[in-house]
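Listed below, chain by chain, are the residues.
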Amino acid sequence: MATTPTTEILEALAAEIGENVYIDIAKWHLYLSDAKLHTVVAEKLYPLIVDRNVNEDRVLELLASIPVKIGGGRKELPLIDLLPLQCQVSLVDILEKYQREV
């Protein structure tokens, strides 16, 4: 199956998110790529880029809708509750950069 420009952009976006955004648990930084969440986040946020609608409120709203299983799946927390403020800012910056480039 040949990759399309959209697939390439989505993969690049996921990689950049995975390398720069982390969840913070007891001062441990687990990058989204290591947590296998980078692709889910990229897929959920990519429509904002396409629609040229990247803004902090919308990004935070979507992050709140992504459940993260903890404790072997016994509980779920919204991703937004696990991201430090600096990572939220970095994520918005990454999305704005892609929005300018697309």
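Scroll up for the structure.
Residues numbered from 1 in each chain as written. Predicted model: local features only at pLDDT ≥ 70, side-chain atom pairs only at ≥ 80, totals over all residues. Heavy atoms only, no water.

Draft legend 1. Up close: the overall build of the chain. The helix and strand tally for the chain stands at four helices and four strands. Reading the helices (α) and strands (β) of the chain from amino to carboxyl end gives α-β-β-α-α-β-β-α. Radius of gyration (C-alpha) of the chain: 13 Å, near the 13 Å computed for a compact globule of 102 residues. Structurally, the chain occupies a C-alpha span of about 35 × 35 × 20 Å along its principal axes. When the accessible surface of the chain is summed, it comes to about 6,300 Å², and 53% of that surface belongs to carbon and sulfur atoms. Looking at charge distribution, the chain has the averaged site of its 10 positive side-chain charges lying 7 Å from that of its 16 negative ones. (Helix = DSSP H or I, 4+ residues; strand = E, 2+ residues; numbered from the N terminus. Rg over C-alpha atoms; globule rule 2.2 N^0.38 Å. Areas by Shrake-Rupley, 256 points an atom, 1.4 Å probe, with all protein chains shown as cover. Lys, Arg positive; Asp, Glu negative; His and termini not counted. Charge placed at Lys NZ, Arg CZ, Asp CG, Glu CD.)

Draft legend 2. Representation of the side chain of Q99. As for its position among the elements, Q99 is in helix α4 (residues 85-101). When sequence neighbours within four positions are dropped, the list of residues in contact with Q99 reads L48, I49, R52, N53 and V54. (Contact = heavy atoms within 4.5 Å.)

Draft legend 3. How the structure looks around the environment of N55. Tracing the sequence through the fold places N55 in the loop between α2 (38-50) and α3 (56-64). Sequence separation between N55 and E11 is 44 residues, and the spatial gap between their C-alpha atoms is 21 Å.

Draft legend 4. The arrangement of the packing of α3 against α4 in detail. As a packed pair, α3 and α4 sit with axes 10 Å apart at the nearest point and diverge in direction by 115°. Our classification of the angle between α3 and α4 gives roughly perpendicular. Like other packed secondary-structure pairs, α3 and α4 cross with a definite hand, here right-handed. Two secondary-structure elements touch here, α3 through E56, V59, L60 and L63 and α4 through Q88, L91, V92 and L95. A class-by-class count of the residues in the contact of α3 with α4 yields six nonpolar, one polar and one charged. (Axes fitted to C-alpha atoms, helices over the stretch in contact; angles between N-to-C directions. Parallel < 35°, antiparallel > 145°, perpendicular 65-115°, else oblique. Left-handed = near helix turned anticlockwise from the far one by under 90°. Nonpolar A, V, L, I, M, F, W, Y, C, P; charged D, E, K, R; others polar.)

Draft legend 5. Region of the structure containing helix α1 (residues 5-20). Taking 1.5 Å of rise per residue, the 16 residues of α1 would be expected to cover 22 Å, and the 22 Å separating its terminal C-alpha atoms lies within 8% of that figure. Burial in α1 covers these residues: L13, A14, E16, I17 and G18. Next to the buried residues of α1 lie β2 (28-31), α2 and α4. (Expected span 1.5 Å × (residues − 1). Buried < 20%, exposed > 50% of the residue type's maximum accessible area, 1.4 Å probe, protein only.)

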